[in-house]
Every structure is written in C-alpha cells, then in structure tokens.
Amino acid sequence: MSPSPRHLLLPPVYAALDAWLADPDAGRADLHAAIADLADAVGVRLGELRVNAPPLADLELSFADVEGLETILRQPGGSQPIGWLRAAGDADAIGELTVGLELLFGDASARLRASRAERQLAALDQAVRGISGVLDVDRVLQLIADRVRELVGAQYAAIGIVDREGTIERFITSGISAEGRARIGDLPRGHGLLGLIIRENRTYRVPDIATHPQRYGFPPHHPQMHSFLGMPIRARDEVVGRLYLTNKVGAAEFSEEDARLVEMFALHAGIAIENARLYDRVGRLAIVDERDRISRDLHDSVIQAIYAQTLALDDVPDLVAEDPAEASRRVDEAIDALHAVIRDIRNFIFGLRPVLLEAGTFATGLRQLATELHRNGGVTVQVDVDEAGGTLEVLPIETTVELLAITREALSNIARHASATKARVAVGVEQGLLRLEIEDDGRGFAGAEGTEHGHHGLGNMRARSRALGAGLEVRSTPGRGTRIIVTLPAGSRTEKEDR
C-alpha cells in the first residue's frame, strides 16, 4: 500500500520543525511553508496558527484571510492548551489537522523539556561536584554563589548569612565586581524581599522587584535588578543561609523549573556548608587538644624535671664549703639535665619522642626515672619489670611516651608531697592486659586532697590514661601511702595514633 500524500509531507514538516527549534527566526519561513502544504494535503484552508507551549518559543503564523472555525490545540494526552488555529473546511479534516499539529508541537515541547532537563541535571551535577569536598567555609560560600548563578542563568547571585537576631552578618555575592561592591557600601540590613525570606524561610519567585509590595529600594550605585528568585538553604532542618538570584538571563522572569532546580541545588549546598563548618570546628578543637597536650607535657615532664634539679641543687651552697667535689658533680649533672630539658621542650612542641626514650626501651625509661628520683629526691625506688613475651618491647611509641609521662608524674608527686622513703614501680602483662603500678610508703591522702588547687598531677594522669584508653585507679589512705594502677589492653593504641 503506497503512502498517502499527507504522509509523504510529514518528514518535511518534522525537518522544518527541527530547523525552527534550532533557530526560531531563521527556520520560521520553512516551517510556515511545510504546515501550509500539510493543510492543503488534508483539504483545509488555514487562516492563522498560534503556539504557546513552553519551553518552545512562541509561534505566530498567518496564512490567508479565512473566516473559519477556531480550534484549541491541547497537549497530547492532557487538557493543557498549547495554542489555537483558525481554519475552514471539512470538520473531520480540520480535526485530523488539529490532532497532527498537537502531536507535532506537543512532541517537540516534550523533547525540548527532556533535553533541557538533561542539561539541567548535568549542570546540577557539575555544580554539586564543584562545591563538594571544599572544607573552607568562605571558599564554599563563594563557590555556591558562583555555581548557582551559572546553573540557573542569573546575572547576579548572593548568599546571606544571618546572626541570631536575624540581621545579615555575611553577604557573599557573584556577578558583581569587588569595586562594584565597594561602591554600594554597607551590607544589606535584611529589609524588603531579603528580610521577607529571612522571616518566612520559603521560596519566593517575583517577576519584577519594583512592583512587589515588599520592595524596599536600592542604595546609590546598586545595579538595577528586576526578576527575583530567593529561598532558604537548610542542613539537618536548620536554615544555614539564604540564596538570592536576580535578573534571569534570556527571559523576563525565573520559571518554576528554575525554582525546582535551585531548590535541589540548595539541598547539596546546605550539606556543603555544614561539612565546612564541622571541619572548621574540628580544626579549632584540634588546636585546643594540642594546647592541652603541650600543657600536660610541660607539666608532667619538663616542669617535673626542672623541679628535680632544684631538689638536687638545694644544698649545693652548703656543699661548696663542706664537699666541693660533690657540689661540682651536682652542678655538672644539673647542667646536663637542663640540656635534656631543653631538648624535651623542642620534642614536645613538635610531637616527637621525649629524650627519655633515646636511652632505649620502656623498661630502660622506667629505671632511668627511678634513678632520677633517688638521686634528686632521696627516695629508694624498686623497679620490677616482667618482660615475658616481649610485649613491652613492641609497645607503640605513643603508648610508651604516655606511660612514662604518667610514671614521671607519679614519682614527682612522691618526691614533692608524699614524704616517702621507699617507692616501687612494677609493670607486666597478664592475660593480654598491661598493668603499671606505682606505690610509695608515704603519708597518703584522703578525699579531694589529692586534687588540691594548684596540683594538676592526678588530673594530668587521668587525661593521659583516657588518651590511651586505659583505666586509672588511685588507692590512698592517710599514713599508709598511695598506689596508682594503670591498666590497658597490651595491643591498644592512643587516640593520637588513631587520628
């Protein structure tokens, strides 16, 4: 069966339509001719055709001075009007032409919407990728303003951040130069449409700012703005900013599609802002943590080492006359010890291993601390190390540092506060649990006496134990000495190592 003449005309009509879609001005004449030929083929005399089917460009075609029937063109499968035609001829023929034109322009509108949606999703994906992973708050805010302006085709974009009272405290702009911003002057105060979105926290799409009842006006040197789209940016149900876009490029106003696209982008923008803020807070907490570490290191090692030397040098003035050789020996040892303290300060500042560990293992460090206490504090210290299985030899360096710092703090407290003559340090591993004990035969203490104002020893030991994931137990009775017990899994790592 050979095709009818009207079917033979369909390919040229579609070709002319595609040319018109590519260039509405240049393709208009060919589309006019193709539709006229199609109407002739079905025996219809066309008078006028108008098509209004966004996102297609508006189309008005005049054919002849015909007094005929006016018929509404509707979206195929729906009731939405997409245009109308005036034609004369047989009613069935006009109906056939009407259906053909509805399919022609309805299909073109759907294809263009699908193509635009695909481009918009690609642009949305690119915009989201552009802000994801950026962890500097100022940088991510500027990128959001730049990306959303490009995404929706706006001349200007801005993000407003408000304080608890609802006053704009930061206003990041895109599309206007730094010189232009400077000429405008102070930040907006949140009046007019800006304030409306701050108060109501919902999307506003306005064809022309100048005609809106909430308009407030612009300061001198402010660029002219007409079409407007604004909405909140949310993260975890909290409004973290407001997006403002003005002057839709290539159109009189922002569309509902523009609003939906920006709303999708705003969801990702809220996540990006929240991530950047959390990263900033983590950075500030890390600084606080590092200050605490240095404070503990200075107190537990450096200050205690200096204090030990003050004990050793305390009676040097008397020894100068009674035993010059001993006085000279103590001064030389103090000088060597103070050089070690200087090295310790450098090491602690840069997070390196203390000089105490340079002599060897954890066990060697314990014995060195015991010798230091005996020499400088006159307390006899017994060191018992059970090195069965070699666990102590392979302790992580950070664990060793913290355990030695706890031991040094405990021994320093014995020298300064306990009035003890003997002390014992014992360490070993049983059933996968490392146990460190420091005990003395001194005066002991009761209740809160051990945390007396100005004595940070126990607090520092507890902080170091928490960093190790270790348990710290303090047993003390007035007149019967003190025992400090630290326990932790032998294979544990410090919080610092985990980070």
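Participant: What's the story with the nonpolar core in this structure? I'm lost.
Facilitator: For soluble globular proteins, nonpolar side chains are generally found buried alongside one another. One finds Ile144, Leu243, Leu245 and Phe265 to be the most contacted residues of the largest nonpolar core, which totals 36 residues. Broken down by secondary-structure element, the contributors of at least two residues to this core are α3 (91-131), α4 (137-152), β5 (154-162), β8 (228-235), β9 (238-248) and α7 (256-313).

Participant: I tried to follow a nonpolar patch on the surface on my own but got confused; where do I start?
Facilitator: A grouping of Leu313, Val331 and Ile335 is seen on the molecular surface, where their side chains present a nonpolar patch of about 200 Å² in accessible area. Assignment of secondary structure puts leucine 313 in helix α7.

Participant: Before we go on, may I ask you to explain the pattern of salt bridges in this structure?
Facilitator: Charged atoms that come close allow side chains of opposite charge to pair. This model, assessed by the stated rule, comprises 23 salt bridges. Arginine 330 is the salt-bridge partner of aspartate 315, the closest N and O atoms lying 2.6 Å from each other. One end of the pair, aspartate 315, is in the loop between α7 and α8 (316-322); the other, arginine 330, is in helix α9 (residues 324-349), with 15 residues separating them in the sequence. A salt bridge links glutamate 326 to arginine 329; the nearest nitrogen and oxygen atoms lie 2.4 Å apart. Note that glutamate 326 and arginine 329 are positioned in helix α9 at a spacing of three residues, about one turn of the helix. For arginine 329, a relative accessible area of 34% gives the class partly exposed.

Participant: Help me understand the sheet that holds strand β1 (residues 44-51) in this model?
Facilitator: Sheet strands associate in pairs through backbone hydrogen bonding, adopting either a parallel or an antiparallel arrangement. Across the sheet, which stays open at both edges, the four strands sit in the order β2-β1-β4-β3 with antiparallel pairing between neighbours. Two strands in the sheet have a free side with no partner beyond their single neighbour: β2 (59-62) and β3 (69-74). Averaged over all adjacent pairs, the angle separating strand axes in this sheet is 25°, with direction ignored. Running at roughly 55° to β2, helix α2 (residues 28-41) makes contact with β1 and β2 of the sheet. Against the sheet, α3 contacts β1, β2, β3 and β4 (81-89), and its axis sits at roughly 150° relative to β4.

Participant: Quick question: what am I supposed to make of the environment of alanine 117 here?
Facilitator: The topology assignment puts alanine 117 in helix α3. Take alanine 117: its relative accessible area is 32%, and that puts it in the partly exposed class. Between the C-alpha atoms of alanine 117 and leucine 261, which are 144 residues apart in sequence, the distance is 9.4 Å.

Participant: Sorry if this is basic, but what is going on with a negative patch on the surface here?
Facilitator: The grouping of Asp314, Asp318, Glu322 and Asp323 at the surface amounts to a negative patch. Inspection of the secondary structure puts aspartate 323 in the loop between α8 and α9. Since its relative accessible area comes to 33%, aspartate 323 is described here as partly exposed.

Criteria and thresholds
- Residues numbered from 1 in each chain as written.
- Predicted model: local features only at pLDDT ≥ 70, side-chain atom pairs only at ≥ 80, totals over all residues.
- Heavy atoms only, no water.
- Core = buried A, V, L, I, M, F, W, Y, C linked by side-chain atoms within 4.5 Å.
- Buried < 20%, exposed > 50% of the residue type's maximum accessible area, 1.4 Å probe, protein only.
- Helix = DSSP H or I, 4+ residues; strand = E, 2+ residues; numbered from the N terminus.
- Patch = residues over 30% accessible without salt bridge, like charges linked within 9 Å, V, L, I, M, F, W, Y side chains within 5 Å.
- Areas by Shrake-Rupley, 256 points an atom, 1.4 Å probe, with all protein chains shown as cover.
- Salt bridge = Lys/Arg side-chain N within 4 Å of Asp/Glu carboxyl O.
- Pairing = 2+ DSSP bridges.
- Axes fitted to C-alpha atoms, helices over the stretch in contact; angles between N-to-C directions.
- Contact = heavy atoms within 4.5 Å.
- Lys, Arg positive; Asp, Glu negative; His and termini not counted.
- Charge placed at Lys NZ, Arg CZ, Asp CG, Glu CD.

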